[in-house]
Amino acid sequence: MKTPPDKRLIITFHSHQTKDRAMWWKAQVVFEPGSVADTILQISVVDGLDVPVAAGVLELAGQRLEVHDGKTQISYRDFIAGKHEKALWLYRDNMLPIPGALTFA
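Residues numbered from 1 in each chain as written. Predicted model: local features only at pLDDT ≥ 70, side-chain atom pairs only at ≥ 80, totals over all residues. Heavy atoms only, no water.

Enquirer: Got a minute to help me understand the overall build of the chain in this structure?
Expert: Of the regular secondary structure elements, the chain holds one helix and eight strands. Helices and strands in the chain line up, N terminus first, as β-β-β-β-β-β-α-β-β. Expected size for 105 residues packed as a compact globule is a radius of gyration near 13 Å; at 13 Å, the chain falls within 12% of this value. Principal-axis analysis of the C-alpha atoms gives the chain an extent of 40 × 25 × 25 Å. Counting all 105 residues of the chain, 38% fall into the buried class. Surface exposure of the chain reaches about 6,500 Å², of which carbon and sulfur atoms provide 54%. (Helix = DSSP H or I, 4+ residues; strand = E, 2+ residues; numbered from the N terminus. Rg over C-alpha atoms; globule rule 2.2 N^0.38 Å. Buried < 20%, exposed > 50% of the residue type's maximum accessible area, 1.4 Å probe, protein only. Areas by Shrake-Rupley, 256 points an atom, 1.4 Å probe, with all protein chains shown as cover.)

Enquirer: Quick question: what am I supposed to make of the nonpolar core here?
Expert: Nonpolar side chains tend toward joint burial in soluble globular proteins. Within the largest apolar cluster, 21 residues are counted, with the highest numbers of intra-cluster contacts made by Ile43, Leu58, Leu60 and Phe79. Looking at this core, the elements that each hand over two or more residues are β2 (25–31), β3 (40–47), β4 (55–60), β5 (63–68) and α1 (76–81). In contact with Leu60, other than residues within four places in its own chain, are Phe13, Val29, Ile43, Leu65, Ile74, Phe79, Ala87 and Leu88. (Core = buried A, V, L, I, M, F, W, Y, C linked by side-chain atoms within 4.5 Å. Contact = heavy atoms within 4.5 Å.)

Enquirer: How should I be thinking about the packing of aromatic side chains in this particular structure?
Expert: Aromatic rings considered in pairs are described by the distance between their centres and by the relative angle of their planes. By the definition in use, this model includes three aromatic pairs. Measuring from centroid to centroid gives 5.5 Å for Phe31 and Phe79, while their planes differ by 75°, and the two rings are edge-to-face. Of this pair, Phe31 sits in strand β2 while Phe79 sits in helix α1, placing them 48 residues apart in sequence. Both residues of the pair, Phe31 and Phe79, count as buried. Ring geometry for Trp89 versus Tyr91: centroids 6.3 Å apart, planes at 20°, classification stacked. Overall, Trp89 belongs to the partly exposed group, its relative accessible area being 29%. Residue classification places Tyr91 among the partly exposed residues on the basis of a relative accessible area of 24%. Put simply, the rings of Phe31, Tyr76 and Phe79 pair up and form one aromatic cluster. (Phe/Tyr/Trp six-rings, centres within 6.5 Å; stacked < 30°, edge-to-face > 60°.)

Enquirer: What is the right way to look at the side chain of Glu59 in this model?
Expert: Note on placement: Glu59 falls in strand β4. Here Tyr91 takes part through its side chain, which lies 2.8 Å from a polar atom of the side chain of Glu59. The residues contacting Glu59, other than those within four sequence positions of it, are Arg64, Ala87, Leu88, Trp89 and Tyr91. (Polar contact = N/O pair within 3.5 Å; in protein donor to acceptor, adjacent residues only side chain to side chain.)

Enquirer: When you look at the pairing of β3 in this model, what are you seeing that I'm missing?
Expert: Within a regular beta strand, the side chains point alternately toward one face of the sheet and then the other, so they alternate between its two faces. Here six bridges tie β2 to β3, and the two strands are oriented antiparallel to one another. Counterpart to Val30 in the pairing with β3 is Gln42. (Pairing = 2+ DSSP bridges.)

Structure (structure tokens):
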């Protein structure tokens, strides 16, 4: 399990759309060149207005990741181990949880 030594890869997940764009979210998982099992992958999380999510929990790859100031992280190993997990949600205080999906753009 290793990424190409000369390419940075980004996987993007988007929420399902709601009437209130501020409830939408986007999470981007960044694989730096040469990432291996023990590499910590940085994840950015913004709302539908492109504002970093101040606080929440991102459920991704079978993990519940604490989001602070639009950032969280996961090890490459845990990401791969949970690749078949279907649950993908963002939980924020005082908002309904919103599911998401992998995006191909």
